[in-house]
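# Analysis of the macromolecular model
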Amino acid sequence: QVQLVESGGGLVQPGGSLRLSCAASGKIFSINDMAWYRQAPGKQRGEVARITFGGSTNYRESVKGRFTISRDNTKNTVYLQMNSLKPKDTAVYYCSANIVNNGSYFPQDFWGQGTQVTVSA
């Protein structure tokens, strides 16, 4: 099977920075898009940033200029560098990857377990 394991969350003061990582492992043939989502209490999960295999990126408007998504295809890992953090960025952050398993013809979406990011003074 495939697993996505996130790390790097925590508590940070407003204006601070955090770097999230998400490593995919298992019987992986190829990985297409990788993305970060977040879900704040009482709100729906929403996409924060997305990156294609070739490195093209897309961001939600509220994080443009502050967050940077990147990936290392040799390590099957996606990163989210978060700078100038604000209290409204507080949420559980999830990574997602569109993966073709070994022995499968079709890609599937896999999710990590989530990591808490809290921005507070």
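Structure: above.
These remarks concern the structure in this document.

What counts, and at which threshold
- Starting afresh in each chain, residues are numbered from 1 along the sequence in its written order.
- A pLDDT threshold of at least 70 governs which residues receive local features in this predicted model, and a stricter bar of 80 or more applies before side-chain atom pairs are shown or counted, although totals over entire chains, interfaces and linings include all residues.
- Hydrogens and water are ignored here; the side-chain numbers use all heavy atoms of the structure.
- Secondary structure elements are taken from DSSP: a helix is a run of H or I of four residues or more, a strand is a run of E of two residues or more, and numbering for both begins at the N terminus.
- This radius of gyration counts C-alpha atoms alone. The globule rule is 2.2 Å times how many residues there are, raised to the power 0.38.
- Note on definitions: a residue-residue contact is assigned when non-hydrogen atoms from the two residues lie within 4.5 Å.
- Two strands qualify as a pair provided DSSP detects at least 2 bridges between them.
- In this analysis, axes come from line fits to C-alpha atoms, helices being fitted only over the stretch in contact, and the angle between any two N-to-C directions falls in the range 0 to 180 degrees.
- Only protein chains enter the calculation, and the probe is 1.4 Å; a residue is then buried if its accessible area is under 20% of its type maximum, exposed if over 50%, and partly exposed in between.
- Salt bridges are defined as contacts in which a side-chain nitrogen from Lys or Arg sits within 4 Å of a carboxyl oxygen from Asp or Glu.

## Examining the overall build of the protein
A tally of helices and strands in the protein yields 0 helices and 11 strands. Along its sequence from the N terminus, the protein presents helices and strands in the succession β-β-β-β-β-β-β-β-β-β-β. Its C-alpha atoms give the protein a radius of gyration of 14 Å, near enough to 14 Å, the size a compact globule of 121 residues would have. When its C-alpha atoms are laid out on the principal axes, the protein stretches across 50 × 25 × 25 Å. The contacts of the protein with a sequence gap of at least 6 include a subset with a gap of at least 24, amounting to 56%.

## Description of the environment of G46
Among the structural elements, G46 can be located in strand β5 (residues 46-51). The spacing of G46 and D89 is 43 residues in sequence and 12 Å in space, taken between C-alpha atoms.

## Quick word on the pairing of strand β4 (residues 28-39)
The sheet contact formed by β4 and strand β9 (residues 91-101) spans 9 bridges and is antiparallel. Bridge pairing in β9 links S30 to V100. In this sheet, β5 lies alongside β4 in antiparallel orientation, the contact comprising 5 bridges. Bridge pairing in β5 places R38 opposite G46. Once β4 ends, the chain turns through 6 residues before running back antiparallel as β5, passing G42 with a positive phi of about 80°.

## Some points on the sheet that holds strand β7 (residues 67-72)
Pairing within the open sheet is antiparallel, and its 4 strands lie in the order β1-β3-β8-β7. This sheet does not close on itself; its edge strands, each paired only once, are β1 (2-7) and β7. With strand direction ignored, the average angle separating the axes of adjacent strands in the sheet is 15°. The sheet contact formed by β7 and strand β8 (residues 77-82) spans 6 bridges and is antiparallel. For I69, the partnering residue across the bridge sits in β8 and is L80.

## Topic: the pairing of β7
Judged by which residues are buried, β7 turns out to be one-sided: F67, I69 and R71 face inward and are buried, whereas T68, S70 and D72, on the alternate face, are not. The loop that links β7 with its antiparallel partner β8 comprises 4 residues; one of these, N76, has a positive phi angle of about 50°.

## Observations regarding the pattern of salt bridges
Taken as a whole and assessed by the stated rule, the structure comprises 5 salt bridges. Close ionic contact of K64 with E61 constitutes a salt bridge, the shortest N to O distance being 3.1 Å. Judged by its relative accessible area of 44%, K64 is partly exposed. Judged by relative accessible area, E61 falls into the exposed class, the value being 62%.

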